[in-house]
Amino acid sequence: MHRVLIAAEIQNLLEPAQLENLDITWLATADPTPRGDWVAIVPLLTRWVGGTELKNLPNLRIVANVAVGYNNVDLVAAEMRGVLVTNTPGVLTEATADLTWALILATARRLVEGVDLVRSGQWTGWHPEQLLGLELHGRTLGLFGAGRIGQAVGRRAPAFGLRVLYAARSAKPEFERDTGAMRVDTSRLLAESDIVSLHVPATPETKGIINAESLARMKGGAILINTSRGDLVREEALAAALARGHIGAAGLDVYTEEPTIHPRLLAAPRTVLLPHIGSATVETRRKMAGIALANVQAVLNGKAPLTPVYS
Ligand code: NAP
């Protein structure tokens, strides 16, 4: 039996067969990472696994993150100690793309304000100028990052009559062919998009890419959507741009200091703020947990991991 640490919150998503031959210590989010002889850890994205944690787990062979993003793991420290790191790419692409569209539609058409109006009992009836929003047809969607999720968001855009621009390190010819999307540099993406949607991972290069200066380069009244990682956005600068009205609306699923949300952002107008539920469908969450455990089983049985973060 292999001693493994597994996030307690995924227990209900797993089948007994996925846990065969494992001596499991279920680790709740509130529990600190312990010190001991465990050979695998399956953390949620909320658990930092850095140098200290790796030092305290000297027999560790794999960190099987239950997320496609892995900015909660110190990759350099893991690689130096010969510990494999895996993620859960692919299975959450469609769910996260759907949620991105939920935010695009909710911000463009002011759904939260409409719901609040109805629930407060203050709706007095149809009015020709009530809650006027942004018509998507004929507008431009700018994808910052066009990997799996960025492209899945872009593939839904032609149905809404949107032109698609994208900024990425490499060209995506098939995506361009299928959707008519055009690759542009970041300046043009910011200047021409009515909706900017972020789909790059959080890395040292992308941290704070949406800041006072980049927000100022966006079109007046444009919408910002972030279903990637909170670190990409300087929240105070976004709140200020929303308050000034330069940014027309923001739809956010992720934040810099989750679950804390910057008070100015909470107070800002025209926001739709979700509690990091991009991949929150039953099917996807089961698949994410399943891939993480399949990676653990592979590595502990001397095989290559299915979805390594680095090779
Ligand atoms: P992915 O397939 O690896 O796509 C990432 C894209 O970002 C790639 O197209 C890559 O460009 C591009 N990129 C990376 N660094 C860049 C830079 N410095 N400048 C411009 N482009 C850059 O990842 P994914 O599966 O689409 O996931 C994207 C992110 O979504 C994840 O990292 C995760 O943090 C987040 N996520 C959030 C949720 C949620 O619950 N809200 C759910 C799932 C994922 P190249 O293709 O040219 O290499």
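Keep in mind the model is a prediction, meaning the values are calculated, not measured. (Residues numbered from 1 in each chain as written. Predicted model: local features only at pLDDT ≥ 70, side-chain atom pairs only at ≥ 80, totals over all residues. Heavy atoms only, no water.)

Participant: Just to check I follow, could you spell out the site of the ligand for this structure?
Facilitator: Close to the ligand lie 24 residues; I149, R169, K172, T227 and D253 are nearest. A distance of 3.4 Å is found between an oxygen atom of the ligand and a backbone nitrogen or oxygen belonging to A146. Within the side chain of H276, an N or O atom sits 3.2 Å from an oxygen atom of the ligand. In the complex, the protein chains occlude 85% of the 940 Å² of accessible area that the ligand would expose alone. Split into classes, the residues belonging to the shell around the ligand amount to eight nonpolar, 11 polar and five charged. (Near = heavy atom within 4 Å. Polar contact = N/O pair within 3.5 Å; in protein donor to acceptor, adjacent residues only side chain to side chain. Areas by Shrake-Rupley, 256 points an atom, 1.4 Å probe, with all protein chains shown as cover. Nonpolar A, V, L, I, M, F, W, Y, C, P; charged D, E, K, R; others polar.)

Participant: Just checking my understanding: could you explain the packing of helix α3 (residues 93-108) against helix α5 (residues 148-155) for this structure?
Facilitator: Taken N-terminus to C-terminus, the directions of α3 and α5 make an angle of 55°; their axes are 9 Å apart at the nearest point. With respect to each other, α3 and α5 are oriented oblique. For the pair α3 and α5, the sense of crossing is right-handed. Contact residues: T93, E94, T96, A97, T100, W101 and I104 in α3; R148, I149, A152 and V153 in α5. (Axes fitted to C-alpha atoms, helices over the stretch in contact; angles between N-to-C directions. Helix = DSSP H or I, 4+ residues; strand = E, 2+ residues; numbered from the N terminus. Parallel < 35°, antiparallel > 145°, perpendicular 65-115°, else oblique. Left-handed = near helix turned anticlockwise from the far one by under 90°. Contact = heavy atoms within 4.5 Å.)

Participant: Before we go on, may I ask you to explain α5 in this structure?
Facilitator: The periodicity of an α-helix, 3.6 residues per turn, causes residues three or four positions apart to be oriented the same way. Burial runs high along α5: six of the eight residues are buried. When α5 is considered as a whole, its buried residues turn out to be I149, G150, Q151, A152, V153 and G154. Elements in contact with the buried residues of α5: α3, β6 (140-144), β7 (163-167) and α6 (173-179). (Buried < 20%, exposed > 50% of the residue type's maximum accessible area, 1.4 Å probe, protein only.)

Participant: Can you help me understand the packing of aromatic side chains in this one?
Facilitator: For any two aromatic rings, the description comes down to two numbers: the centre-to-centre distance and the angle of the planes. Summed over the entire model, instances satisfying the criterion amount to two aromatic pairs. Judged by centre distance (4.5 Å) and plane angle (10°), the rings of W101 and F160 are stacked. Of this pair, W101 sits in helix α3 while F160 sits in the loop between α5 and β7; the two residues are 59 residues apart in sequence, bridging distant segments of the chain. Owing to a relative accessible area of 4%, W101 belongs among the buried residues under this scheme. Seen from their ring centres, Y166 and F175 are 5.6 Å apart, and the 70° between their planes marks the pair as edge-to-face. (Phe/Tyr/Trp six-rings, centres within 6.5 Å; stacked < 30°, edge-to-face > 60°.)

Participant: So what exactly am I meant to see when it comes to the nonpolar core here?
Facilitator: Grouped burial of nonpolar side chains is what soluble globular proteins tend to show. I10, V42, L141, I195 and V296 are the most contacted members of the largest nonpolar core, which has 50 residues in total. Those residues in contact with L141, other than ones at most four positions away along the chain, are W101, I104, V153, A157, L162, R163, V164, L165, S193, I195 and S197. Of all hydrophobic cores here, the second largest spans 28 residues; its members include L189, L198, L224 and A241. (Core = buried A, V, L, I, M, F, W, Y, C linked by side-chain atoms within 4.5 Å.)

Participant: Is there a simple way to think about the pattern of salt bridges in this case?
Facilitator: A pair can form between side chains of opposite charge whenever their charged atoms are brought close. Taken as a whole and assessed by the stated rule, the structure comprises 14 salt bridges. A salt bridge links R155 to D178, with the nearest nitrogen and oxygen atoms 2.8 Å apart. Of the two residues, R155 is situated in helix α5 and D178 in helix α6; the sequence distance between them amounts to 23 residues. Assessed through its relative accessible area of 38%, R155 is described here as partly exposed. With a relative accessible area of 41%, D178 lands in the partly exposed category. Two residues, R163 and E192, come together in a salt bridge whose shortest N-O distance is 2.9 Å. Here R163 is found in strand β7, whereas its partner E192 is found in helix α7 (residues 186-192), with 29 residues between them in sequence. For E192, a relative accessible area of 24% corresponds to the partly exposed category. (Salt bridge = Lys/Arg side-chain N within 4 Å of Asp/Glu carboxyl O.)

Participant: How should unusual backbone geometry be read in this particular structure?
Facilitator: A negative phi angle is the norm for most residues apart from glycine, just as the trans form is the norm for most peptide bonds. The omega angle of the peptide bond from E258 to P259 is 5°, so this bond is cis rather than trans. Considering the arrangement of structural elements, one finds P259 in the loop between β11 (247-252) and α10 (263-267). The phi torsion at N21 lies on the positive side, around 65°, for a residue other than glycine. With respect to the helices, strands and loops of the structure, N21 is situated in the loop between β1 (2-7) and β2 (22-27). Unlike most non-glycine residues, L131 shows phi in positive territory, near 50°. Residue classification places L131 among the partly exposed residues on the basis of a relative accessible area of 28%.

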